[in-house]
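Listed below are the residues making up each chain.
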Amino acid sequence: MIDPVDLEEIRETARRAGAEMAEVPPFRGIETVMTSLLVVGDAAAVGVVQDEVERRRGGLVFDLRVGAIRPIHRSRALRQGELKVVAVDGVVRIERCDSEVIAALTRLASGRGEKTVAMVNEAAVSLVR
């Protein structure tokens, strides 16, 4: 799924990489604001396009506040690989993190247990030091 704003730049990236792209029409009756694409080419060319799409989506935001409308989402305000955690008592920004921290935050954002808090705290503190 591609934001229509990025479509031309993604097409250009695909062209330079030697991949072919085609828009996939939405399912009948389902309206979307995003565009679905099919990218065909060798693994390296498709990988270049995929990396560009991910870079444009930005970093991850975990909104841990009660009642957050979008507890986990991507934000263009962050670079790819950056992580922002919004909690009741403040905001933490981590430039690079591993999959354990992301998994722990995902469990926390979906409301699965208090043990996750200690796990995130321990992992995030060790990453910052």
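Computed from a predicted model, the values in this text were never measured in an experiment.

1. Notes on the overall build of the protein
Here comes step 1: Secondary structure assignment for the protein yields four helices and six strands.
Here comes step 2: Shown N-terminal to C-terminal, the secondary structure of the protein runs as helices and strands in the order α-β-β-α-β-β-β-β-α-α.
Here comes step 3: For the protein, the residues scored as buried account for 27% of the 129 residues in total.
Here comes step 4: A fraction of 34% describes how many contacts in the protein between residues 6 or more apart in sequence connect residues 24 or more apart.
Here comes step 5: Of the roughly 9,000 Å² that the protein leaves accessible, carbon and sulfur atoms contribute 54%.

2. Observations regarding the pattern of salt bridges
Here comes step 1: Per the counting criterion, the structure on display carries 14 salt bridges.
Here comes step 2: Here R56 ties to E52 by a salt bridge, and the two come within 2.8 Å at their closest N and O atoms. Here R56 pairs with E52, and both are found in helix 2 (residues 43–57), just four residues apart, close to one helical turn.
Here comes step 3: Through salt bridges with shared partners, a single network forms among D6, E52, R55, R56 and R76.

3. Observations concerning the confidence of the model for the protein
Here comes step 1: The pLDDT averaged across the protein works out to 78; a share of 79% of its residues lies at or above 70.
Here comes step 2: Within the protein, helix 1 (residues 7–17) carries the highest mean pLDDT (92), whereas helix 4 (residues 115–128) carries the lowest (49).
Here comes step 3: Contacts for the low-pLDDT stretch residues 125–129, under 50 throughout, to residues beyond four places or in other chains number four contacts.

4. A look at the pairing of strand 6 (residues 90–94)
Here comes step 1: As paired strands, strand 5 (residues 83–87) and strand 6 are joined by five bridges and run antiparallel to one another. Within strand 6, the position partnered with A87 by the bridge is G90.

Rules and cut-offs
Residues numbered from 1 in each chain as written. Predicted model: local features only at pLDDT ≥ 70, side-chain atom pairs only at ≥ 80, totals over all residues. Heavy atoms only, no water. Helix = DSSP H or I, 4+ residues; strand = E, 2+ residues; numbered from the N terminus. Buried < 20%, exposed > 50% of the residue type's maximum accessible area, 1.4 Å probe, protein only. Contact = heavy atoms within 4.5 Å. Areas by Shrake-Rupley, 256 points an atom, 1.4 Å probe, with all protein chains shown as cover. Salt bridge = Lys/Arg side-chain N within 4 Å of Asp/Glu carboxyl O. pLDDT = per-residue confidence, 0-100. Pairing = 2+ DSSP bridges.

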